Amino acid sequence: MVTNKKLAPDYSKRRDRVLRGLKAQGAKNLLVTSPHNVSYLTGFTGEDSFLWLTPKEVILLSDARYEEQIQSEVQDVELLIRPASATIIDAAASVLDTRHESEIWVEAASTSVAQWERLRNRLPNKTLASFSGAVERLREIKDAYELNLIQDSIHIAERAFKATTELLQPEMSEKQIADDLEFAMRRLGAESAAFKIIVGVGERSALPHGRPSNKLLRDSSFVLIDWGAKKNGYLSDLTRMFFTNKPPTRLEKMYRAVLQAQTDAIEAIKPGVLMSQIDAVARKALEKAGLEKRFTHGLGHSFGLEIHESVRLGKGQDRQLEAGMVVTVEPGVYVPGFGGVRIEDDILVTESGHQVLTSLAKHWDEVLGARFR
Ligand code: ZN
Ligand code: ZN
């Protein structure tokens, strides 16, 4: 289903849907300040730009650095280039000041308090209201165009992982592995890594967000790698364990339990199921192995233009999964001073259930067989 490369997003349709969502909640317009949301609604991939959206007008506020890029990336949007002397907030205020709207809704999560204050001071005759989630909610459901880009990003991440792990040597440090992996992704066409790559050798794998250090691969029999690519603005997010030798039996037990928890959770994914329920399925599997207390974070998150988007698979998340959502499933167990295991894959919720978008080997015999050559 994720195939047609020529498919282009219909940005005006996306904007119409945002406006409908705003209207349903009593808002008549929106000053979009999140660069990801601006990008989602216009196709513009630069930064430092706002979008003013009403049923009657769509204005992209940017600066001269981006003029050419906008001409080539954006259609059907009025462009306003601010003078170099004006800040983006001043430019927005100048535009809004001349509009007839008396009430102005501003994206809250991506506007700083200082920007808000400045806007309010510059617009004494307007009422400012904050609005959250209008665009983020739409972004939860990926269209065919976005799925294509996510799949591209996953392919790059997976190919780079294979290429990098084939060349691992005992004398390599966590940092070298992370650097090599990022370089491999860039060589394969990625703009960058999706986030700071995590590489944890031995006991350092117990740090769920450990930054790569100078610890050497030879210091242990296992390493945890959490990485992803960024390609055309869209991200991927995977975690695999790599074994350089047969690890302790305790780690094997942890690995098998985490893989079982992940398998069960993925199996449970389909539209209509509560997000918290998927998390509970994984927890139950870990409970059977006596490891549920070692699972210290949520099971997964949606991603796309950003690595952590608004869907969370975790306790208390009482919304339902919907077809078109793309989530990670990443159970992990961590024993401080010994080591941790996490396995992460990317899953699309489909009308009939789910589709696993990632394909790297993860079964015990396969990963154990991938040791140094
Ligand atoms: Zn990850
Ligand atoms: Zn993740």
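Residues numbered from 1 in each chain as written. Chains lettered and ligands numbered in written order. Predicted model: local features only at pLDDT ≥ 70, side-chain atom pairs only at ≥ 80, totals over all residues. Heavy atoms only, no water.

1. Description of the domain arrangement of the chain
- Taken domain by domain, the chain holds domain 1 (11–137) and domain 2 (144–367).
- Taken together, the contact pairs five residues of domain 1 with seven residues of domain 2.
- When domain 1 packs against domain 2, close to 570 Å² is buried across both sides, 47% of that on carbon and sulfur atoms.
- In this structure, Glu146 and Arg14 form a salt bridge, with 4.0 Å as the shortest nitrogen-oxygen distance. (Domains from an automatic or database assignment. Contact = heavy atoms within 4.5 Å. Buried area = accessible area lost by both parts, 1.4 Å probe. Salt bridge = Lys/Arg side-chain N within 4 Å of Asp/Glu carboxyl O.)

2. A word on the sheet that holds strand β18 (residues 345–350)
- One open sheet accounts for three strands, arranged β15-β18-β19; its pairing is antiparallel. Of all strands in the sheet, those bounded by a partner on one side alone are β15 (326–329) and β19 (353–356). Ignoring strand direction, the axes of neighbouring strands in this sheet form an average angle of 35°. (Pairing = 2+ DSSP bridges. Helix = DSSP H or I, 4+ residues; strand = E, 2+ residues; numbered from the N terminus. Axes fitted to C-alpha atoms, helices over the stretch in contact; angles between N-to-C directions.)

3. Some points on the pattern of salt bridges
- Applying the stated criterion to the full structure yields 26 salt bridges.
- Here Arg65 and Asp48 are joined by a salt bridge, their closest N and O atoms 3.1 Å apart. Residue Arg65 is found in the loop between β3 (58–63) and α3 (67–73), and its partner Asp48 is found in the loop between α2 (35–42) and β2 (50–53); the two are separated by 17 residues along the sequence.
- A residue is classified by how much of its surface remains accessible, and Asp48, at 41% relative accessible area, is partly exposed.
- Close ionic contact of Asp90 with Arg118 constitutes a salt bridge, the shortest N to O distance being 2.9 Å. With Asp90 in helix α4 (residues 88–97) and Arg118 in helix α5 (residues 113–122), this pair connects stretches of sequence that are 28 residues apart.
- Salt bridges sharing common partners tie together Asp48, Asp63, Arg65 and Arg82. (Buried < 20%, exposed > 50% of the residue type's maximum accessible area, 1.4 Å probe, protein only.)

4. Observations concerning the side chain of Asp346
- The residue Asp346 is located in strand β18 in this model.
- The buried charged residue Asp346 lacks any salt bridge, with Arg240 as its nearest oppositely charged partner at 8.3 Å.
- Engagement of the side chain of Asp346 in a polar contact is seen with the backbone nitrogen of Asp237, the distance being 3.3 Å.
- Contacts of Asp346, omitting those with residues within four sequence positions, involve Ile154, Ser236, Asp237, Leu238, Phe303, Val327, Thr328, Gln355, Val356, Leu357 and Thr358. (Lys, Arg positive; Asp, Glu negative; His and termini not counted. Polar contact = N/O pair within 3.5 Å; in protein donor to acceptor, adjacent residues only side chain to side chain.)

5. Quick look at the coordination of the zinc ion (ligand 1)
- Ligation of the zinc ion (ligand 1) by protein atoms is provided by Asp226 (OD), Asp226 (OD), Asp237 (OD) and Glu344 (OE), these donors lying 2.0 to 2.6 Å from the ion.
- Considering all four donor atoms around the zinc ion (ligand 1), the spread of angles at the metal, 54 to 156°, places the coordination shape in the irregular class.
- A separation of 3.2 Å is found between the zinc ion (ligand 1) and the zinc ion (ligand 2), which are bridged by Asp237. Here Glu344 lies in the loop between β17 (339–342) and β18 and Asp237 lies in the loop between β11 (234–235) and β12 (238–243), a separation of 107 residues in the sequence.
- For Asp237, a relative accessible area of 3% corresponds to the buried category. (Donors = N, O, S within 2.8 Å, 3.2 Å for Na, K, Ca; no water. Tetrahedral: all angles 85-135°; square planar, octahedral: opposite > 155°, others 65-115°.)

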